[in-house]
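# Report on the structure
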Number of protein chains: 2
Amino acid sequence: MAPLPVSPLAPEGLPALPPVAGCRFSAVEAGVRYKGRRDVLLAEFVPGTTVAGVLTRNQMPGAPVDWCRAQLPAGRARGLVVNAGNANVFTGAHGRTACNETAAAAARLLGCPPSEIMLASTGVIGEPLPYERIVAALPGAQASLSDNSWADAARAIMTTDTFPKAASRTANIRGVPVRINGIAKGSGMIAPDMATMLSFVVTDAQVPADVLQTLLSRSTARTFNAITVDSDTSTSDTLLLFATGQVPHAAITGAGDPALRDFRAKLQDLLKDLALQVVRDGEGAQKLVEVTVTGAASERAARRIALAIADSPLVKTAIAGEDANWGRIVMAVGKSGQKADRDRLAVDIGGVVVARDGARVEGYDEAPVAAHMKGSEIAITVDVGVGRGRSTVWTCDLTHGYIDINADYRS
Amino acid sequence: MAPLPVSPLAPEGLPALPPVAGCRFSAVEAGVRYKGRRDVLLAEFVPGTTVAGVLTRNQMPGAPVDWCRAQLPAGRARGLVVNAGNANVFTGAHGRTACNETAAAAARLLGCPPSEIMLASTGVIGEPLPYERIVAALPGAQASLSDNSWADAARAIMTTDTFPKAASRTANIRGVPVRINGIAKGSGMIAPDMATMLSFVVTDAQVPADVLQTLLSRSTARTFNAITVDSDTSTSDTLLLFATGQVPHAAITGAGDPALRDFRAKLQDLLKDLALQVVRDGEGAQKLVEVTVTGAASERAARRIALAIADSPLVKTAIAGEDANWGRIVMAVGKSGQKADRDRLAVDIGGVVVARDGARVEGYDEAPVAAHMKGSEIAITVDVGVGRGRSTVWTCDLTHGYIDINADYRS
């Protein structure tokens, strides 16, 4: 299969990614699956770095996910090894060996216990991971570690992504500026791989691991867990947040510490930025779609209704066809299983009132809505008329490109 | 949009549909939306006919669904009016008026209370139903009622179906043969309509309404409720079963009456036949897929896992690409949220063992599986290794045809 064209929704380019003190990266060619490109990423963190993580809820997780789940409670990290091309999923005992051997090799190089090495893999599933190639590539990777390799890192973890994904923010903790950088990959496909999503975020702030975990879990709900390309949950989804603690600032007392207000906001903003970059690279995506549901029984109910709309093949194909097909939106609300009042339902598209009180508005003029549908960013708002719960999720349209990418034979 | 080509999965033709005593049909042109084709169906049942129904669980049901839900508890039916082209969904007070007026007009013609007229509509949603055209067409329909119009009836309820769907069985109740005929429509699409599913089944047996309802509800779980084309639940799904009682046989004492054993089996077989015809006409379908899950915690859990596989866009596109992509099947099991043991998981495709105990089998030979994937009927079996629950569902692949049909502008 020829390389995919860059998504029409891609940002103009990678943002500037200044170094984050205490963190160095290296990307090397290990030939795990791809030829002629860097496919293994090594990261080194200074001693004392804390870590938090959010992992896939898919019940068939890959071996690296199991590995991270076992190590994360200790909250300490000195290294990270990521490979692209093979997800090390559904690989049984061999998969566990691959994790053990990779972590041991990295730990020897970085001078720490293997439990402080985080692991992630993305790519084809069910194939044994040739971890020897990774182990063999690590010494060379260590030799080229640099604090200026963020762009290389973003590229090394791509599989069939059509553009590298990164974001950077500066937050203020009691008057002291701290940096947060993040990279992500997802979700193109050329082989039989799932659209795995990986993201790694590093800050130079001093944040205890338990606080870091609370911040990350809260932010994820409205960022990475609020996006969907095709409703298929990967077996490898991994989001890790590292804090190197290299910037001196007043000690953090807990996740609710007022000193973290700006950090929390900037972290969530960065995660949302990365998450939307993943949707913008959704397989075959031509349009970015924001779905907001209000008036639901709870935030959870609102989120489920929003996802029912965002995952509906009929809604997504209508958007691909630039059809303001609000009838399909109504259908999706109704299939969600969540409480909603048909006779009070309201639908807006692109800010234009389409339906109120369970029926199309009198004298509905489709022209401004049709014009909105021709744009590359679509906004749908639905009020379901039963409560105060609200939620926003993001998705993309369902196009021939998705079929092209996914119905292809494995190479 | 040009007429769709007949599905490659269509049966060779309509089966023979002998009359069912006590039931007459007429199909006429009312011009509700389509021109030059019959689009309204009138059915008349003899006095004493019982009725049972299963209606959509979508919480945004159409007005005719509300109407049937209100009338079904009485269990009596003298007539049925169905129109194609407009679903009378999300139409507010006007939709209720349309139902009231249509039922009143049919009731006057057939000499019964309006509550004994069942109603169903399929087609575009959110547009007011021009019920006056239906009311005006009913006298002509009554004048041409015939017990030999089953094929016309099957055609009159089509929207973008590429072939009419019908089935007939003969069952034996204590030595007396009774007939069961059924028709169904679903699930093509040219406009913004949802893939609505309607089915009407008539028997000449004498079955009390409460028994009929029990038989229908039980059979639906393993037939119509075990199919999925695109996971989008229609706002109009309606399945009605009428019993005219015109064949004299020993009285039925209850749903568990041993005399009903053959009737139950034949009814379920007929419903499955009709349900599979709907999948065979799934939008863009090129392959019929049977997914069986065993070893689940319960039948309900097995069904959810099977539906997670059958609804996964990645599984369905892989099948379209004739790719034996069992990795995506594993992913779908894992995302279902149901209990499953990754390390005991087993996958068979086309009867060939692919994976056992959580990994691909040693020396796996893809050739026979690849050959199976090239056929038009695909069988997937997954054992999840935790219990004895089992379930089978049917779906079709996800192809460019689906995008073509659904991304099209509304005409």
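Please read these numbers as outputs of a predicted model, since none were measured by experiment.

We now examine the relation of the copies chain B and chain A. Expressed as a screw operation, the relation of chain B to chain A combines 0.0 Å of axial shift with a rotation of 180°, fitting to an RMSD of 0.0 Å. Put plainly, the chains are arranged around a two-fold axis. If distances are taken from each C-alpha of chain B to the rotation axis, the shortest is found for His-400 of chain B, at 3.0 Å. Comparing interface residues between copies, 100% of those in chain B also lie at the interface in chain A; the contact surface is shared.

Right, let's talk about the packing of helix α1 (residues 63-71) of chain A against helix α2 (residues 92-110) of chain A for a bit. Residues and elements named next belong to chain A. Viewed as axis vectors pointing N to C, α1 and α2 meet at an angle of 55°, and their least axial separation amounts to 9 Å. Classified by the angle their axes make, α1 and α2 are oblique. When you trace α1 past α2, the crossing you get is right-handed. Touching Ala-63, Pro-64 and Trp-67 of α1 are Gly-95, Arg-96, Cys-99, Asn-100 and Ala-103, all from α2. When grouped by side-chain class, the residues that make up the contact of α1 with α2 number five nonpolar, two polar and one charged.

Hydrogen bonds between backbone atoms are what pair the strands of a sheet, whose relative direction is either parallel or antiparallel. All names here are of chain B. In spatial order, the strands read β1-β2-β4-β5; together these four strands make up an open sheet with mixed pairing. The two strands at the open ends of the sheet, each matched to only one other strand, are β1 (23-28) and β5 (117-124). Averaged over all pairs of adjacent strands, the angle between strand axes in this sheet comes to 10°, irrespective of strand direction.

The partner chain A presents 70 residues to the 70 residues of chain B that form the contact. Buried area between chain B and chain A, both sides added, is near 5,300 Å², and the carbon and sulfur share of it is 54%. Summed over the shared surface of chain B and chain A, the result is four salt bridges. Among the ionic pairs, Arg-342 of chain B bridges to Asp-66 of chain A, the shortest N-O distance being 2.7 Å. At the surface where chain B touches chain A, the tally comes to nine residue pairs in polar contact (both at pLDDT 80 or more). Contributing elements (two or more residues each) for the side of chain B that touches chain A: α2 (92-110), α8 (313-320), α9 (326-335), β14 (359-360) and α11 (400-406) of chain B. The dominant element in the side of chain B that touches chain A, judged by the number of residues it contributes, is α9 of chain B, at eight residues. Here the side of chain B that touches chain A is composed, by residue class, of 28 nonpolar, 21 polar and 21 charged.

What follows is about the UniProt feature "binding site: substrate" (unreviewed entry) in chain A. Residue and element names in this part refer to chain A. Within this numbering scheme, the UniProt entry marks Thr-159, Lys-185, Thr-196, Glu-283, Asn-406 and Ser-411 as carrying the feature "binding site: substrate" (unreviewed entry). Turning to its location among the elements, Asn-406 is positioned in helix α11 (residues 400-406). The class of Asn-406 is buried, set by a relative accessible area of 0%.

Taken as a whole, chain A is organised into domain 1 (23-280) and domain 2 (288-406). A straight line from the C-alpha centre of domain 1 of chain A to that of domain 2 of chain A covers 33 Å.

We now examine the sheet that holds strand β2 (residues 40-45) of chain A. Residue and element names in this part refer to chain A. In space, the four strands of this open sheet follow the order β1-β2-β4-β5, with mixed pairing throughout. Both outer strands of the open sheet, β1 (23-28) and β5 (117-124), are each paired with one neighbouring strand and no more. For this sheet, the mean inter-axis angle between neighbouring strands, taken without regard to orientation, is 10°. Taken together, the eight bridges between strand β4 (residues 79-86) and β5 define a ladder with parallel strand orientation. Note that in β5 the partner of Ala-84 across the bridge is Thr-122. Packing against the sheet, α2 makes contact with β2, β4 and β5, and its axis sits at approximately 135° to β5.

On to the side chain of Thr-49 of chain B. Residue and element names in this part refer to chain B. Counting through the fold element by element, Thr-49 comes out in the loop between β2 (40-45) and β3 (50-55). Side-chain polar atoms of Thr-49 contact the backbone oxygen of Val-46, separated by 2.7 Å. Contacts of Thr-49, omitting those with residues within four sequence positions, involve Gly-75, Arg-76, Ala-77, Phe-242, Ala-243 and Thr-244.

On to the packing of aromatic side chains. Residues and elements named next belong to chain A. Tallying each qualifying case throughout the model produces six aromatic pairs over all chains. Each ring, one from Phe-25 and one from Trp-150, has its centre 4.5 Å from the other, and the planes form 80°; the classification is edge-to-face. With Phe-25 in strand β1 and Trp-150 in helix α4 (residues 150-156), this pair connects stretches of sequence that are 125 residues apart. Among the residues examined, Phe-25 registers a relative accessible area of 2% and is labelled buried. If you follow Lys-165 out to its NZ or CZ, it ends over the ring of Phe-163, 4.3 Å from the centre.

All right, on to helix α3 (residues 131-143) of chain B then. Residue and element names in this part refer to chain B. The first and last C-alpha atoms of α3 sit 19 Å apart over 13 residues, in line with the 18 Å expected at 1.5 Å per residue. At Ala-137, α3 shows its largest kink, close to 35°, and the proline Pro-139 lies no more than four residues downstream. Those residues of α3 lying buried are Tyr-131, Ile-134, Ala-137, Leu-138 and Ala-141. Of the surrounding elements, those touching the buried residues of α3 are β1, β2, β4 (79-86) and α2.

Moving on to the pairing of strand β11 (residues 288-296) of chain A. All names here are of chain A. Of all nine residues making up β11, eight are buried, and the element is well covered by its neighbours. Here seven bridges tie β11 to strand β15 (residues 377-383), and the two strands are oriented parallel to one another. Residue pairing in the sheet places Leu-288 in a bridge with Glu-377 of β15. As defined by bridge partners, β11 adjoins strand β16 (residues 389-396) across seven bridges and the pair is classed as antiparallel. Its bridge partner lying in β16, Glu-290 is registered against Trp-394.

As a further point, take the confidence of the model for chain A. Predicted coordinates in regions of low pLDDT should not be interpreted in detail. Mean pLDDT over chain A stands at 87; residues scoring 70 or higher make up 93%. Taken as a whole, residues 188-195 of chain A scores under 50 in pLDDT and shows 38 contacts with residues more than four places along the chain or in a different chain.

Turning next to the pairing of β2 of chain B. All names here are of chain B. Among the six residues in β2, six count as buried, and that is most of the element. Both faces of β2 are covered, namely the face carrying Val-40, Leu-42 and Glu-44 and the face carrying Leu-41, Ala-43 and Phe-45. Note that β2 and β4 share five bridges and pair antiparallel. Within the sheet, the bridge partner assigned to Leu-42 lies in β4 and is Val-81.

Reading the values: the criteria
- Residues numbered from 1 in each chain as written.
- Chains lettered and ligands numbered in written order.
- Predicted model: local features only at pLDDT ≥ 70, side-chain atom pairs only at ≥ 80, totals over all residues.
- Heavy atoms only, no water.
- Least-squares fit on C-alpha atoms with pLDDT ≥ 70 in both.
- Contact = heavy atoms within 4.5 Å.
- Axes fitted to C-alpha atoms, helices over the stretch in contact; angles between N-to-C directions.
- Helix = DSSP H or I, 4+ residues; strand = E, 2+ residues; numbered from the N terminus.
- Parallel < 35°, antiparallel > 145°, perpendicular 65-115°, else oblique.
- Left-handed = near helix turned anticlockwise from the far one by under 90°.
- Nonpolar A, V, L, I, M, F, W, Y, C, P; charged D, E, K, R; others polar.
- Pairing = 2+ DSSP bridges.
- Buried area = accessible area lost by both parts, 1.4 Å probe.
- Salt bridge = Lys/Arg side-chain N within 4 Å of Asp/Glu carboxyl O.
- Polar contact = N/O pair within 3.5 Å; in protein donor to acceptor, adjacent residues only side chain to side chain.
- UniProt positions renumbered as here; feature names shortened; annotations may be inferred.
- Buried < 20%, exposed > 50% of the residue type's maximum accessible area, 1.4 Å probe, protein only.
- Domains from an automatic or database assignment.
- Phe/Tyr/Trp six-rings, centres within 6.5 Å; stacked < 30°, edge-to-face > 60°.
- Lys NZ or Arg CZ within 6 Å of the ring centre and 35° of its normal.
- Expected span 1.5 Å × (residues − 1).
- Bend = angle between axes of the 7 residues up to and from the residue.
- pLDDT = per-residue confidence, 0-100.

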